[in-house]
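Working through the structure, step by step
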Amino acid sequence: MQRESNTSSQSRTKQNKMSENDGLRSSQLMKLFEDELKDIYWAEKALTKAIPRMIKNATSEDLINALESHLLETLEQVSRLESVFTSIDKKAVAKKCEAMSGLIDEGQEIIDECEEGAMRDVGIISAAQKIEHYEIASYGTLRQFAETLKLSEAVGLLEQTLKEEKAADETLTDIAVPDVNVQAAEKQEAE
Ligand SMILES: [Fe+2]
Ligand SMILES: [Fe+2]
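Figured I'd write up the structure that's included with this text.

Thresholds applied
- Residues numbered from 1 in each chain as written.
- Chains lettered and ligands numbered in written order.
- Predicted model: local features only at pLDDT ≥ 70, side-chain atom pairs only at ≥ 80, totals over all residues.
- Helix = DSSP H or I, 4+ residues; strand = E, 2+ residues; numbered from the N terminus.
- Buried ≥ 20, exposed ≤ 12 C-beta atoms within 10 Å, placed from the backbone.
- Contact = placed C-beta atoms within 7 Å.
- Expected span 1.5 Å × (residues − 1).
- Arc of directions from axis to C-beta.
- Core = buried A, V, L, I, M, F, W, Y, C linked by C-beta atoms within 7 Å.

1. Digging into the overall build of the chain
Secondary structure summary: the chain contains five helices and zero strands in total. Counting from the amino terminus, helix and strand elements in the chain follow one another as α-α-α-α-α. A total of 191 residues make up the chain; the buried ones form 29% of that total. Contacts spanning at least 24 positions in sequence make up 77% of the contacts within the chain whose residues lie at least 6 apart.

2. Notes on helix H3 (residues 98-113)
The end-to-end C-alpha separation of H3 is 22 Å, in line with the 22 Å expected for 16 residues at 1.5 Å each. Three or more residues of H3 are buried, namely Met100, Leu103, Ile104 and Gly107. The buried residues of H3 all sit within an arc of 95° when viewed along its axis, so they share a single face. Opposite the buried face of H3, by more than 90 degrees, sit the exposed residues Glu98, Gly102, Asp105, Glu109, Asp112 and Glu113.

3. What to know about the environment of tyrosine 134
Residue placement: tyrosine 134 occurs in helix H4 (residues 118-148). A sequence separation of 31 residues divides tyrosine 134 from leucine 103, and the C-alpha atoms of the two residues are 9.0 Å apart. Residues contacting tyrosine 134, with those up to four places away along its chain left out, are Ala99, Met100 and Leu103.

4. What to know about unusual backbone geometry
Even without a glycine there, the phi angle at aspartate 89 is positive, about 60°. C-beta crowding within 10 Å serves as the criterion here: with 6 such atoms nearby, aspartate 89 is assigned to the exposed category. One non-glycine residue, lysine 150, adopts positive backbone phi at about 60°. With respect to the helices and strands, the residue lysine 150 is situated in the loop between H4 and helix H5 (152-190). Judged by the 9 C-beta atoms lying within 10 Å of it, lysine 150 falls in the exposed class.

5. Description of the nonpolar core
Of all hydrophobic cores here, the largest spans 39 residues; its most connected members are Ile125, Leu142, Ala146 and Leu158. Secondary structure elements with two or more residues in this core: helix H1 (2-57), helix H2 (61-87), H3, H4 and H5. If we ignore the near neighbours within four places in the chain, the residues touching alanine 146 are Phe33, Leu151, Ala154, Val155 and Leu158.

Interpretation in functional terms is not warranted from these geometric data alone.
Written out as C-alpha cells, the structure reads:
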C-alpha cells in the first residue's frame, strides 16, 4: 500500500514537472513569437517606403502594376499585423529587422547600378523576390508558432498575409520569365 502511494506520488511529481516544462516552453515560444512579430512589423513598414522607390524606377508596365498592387497589400498587411498584436493583448511595436534592412539596401544598390529600362527591371524583380522569400519564411514561421500556441485568430490573419506574399512572388516570376529577362538579354546581345 505504502509502495503504491509512493509510486503515485512519484508519477504526480513527474506530471507536474512535465507541465512545468510545457509551460516554460510555451512562454519561451510566446516570447519568440512576439519578437518575430515586431521584426516583421518593422519590415512591412519599411517596405511601404521602399516599394514606391521601386515603382518610380521600374519601366515595364506589368512590373509597375504588380508593385502597385503589392504596395496596397503591404499597407493592409501593416494593419493586419496590428490586429495580430491586439489579438494577443499587446501593443504594436516595431523592432528594426536587420535582414530586411539589408535586402532593401541591396535593392537600392541595384537600382543605382543598373541602367534604366529592361536591365533595371530585372534587377528590381530579383531584389523584390528576395524580399518576398524573406517574408514567406517569416510568415510561415509565425503562423506555425501561432498554431502551436493555439492562437487561432493570429493563425487566420498570418495565413492571409502568407498567401498574399506567395502570390506576389509568383506574379514577379511570371513577369520575369517571359517578358523582362528576354528584353534584357536581347538588349545585351545587340550591344
Ligand atoms: Fe508584406
Ligand atoms: Fe511582400
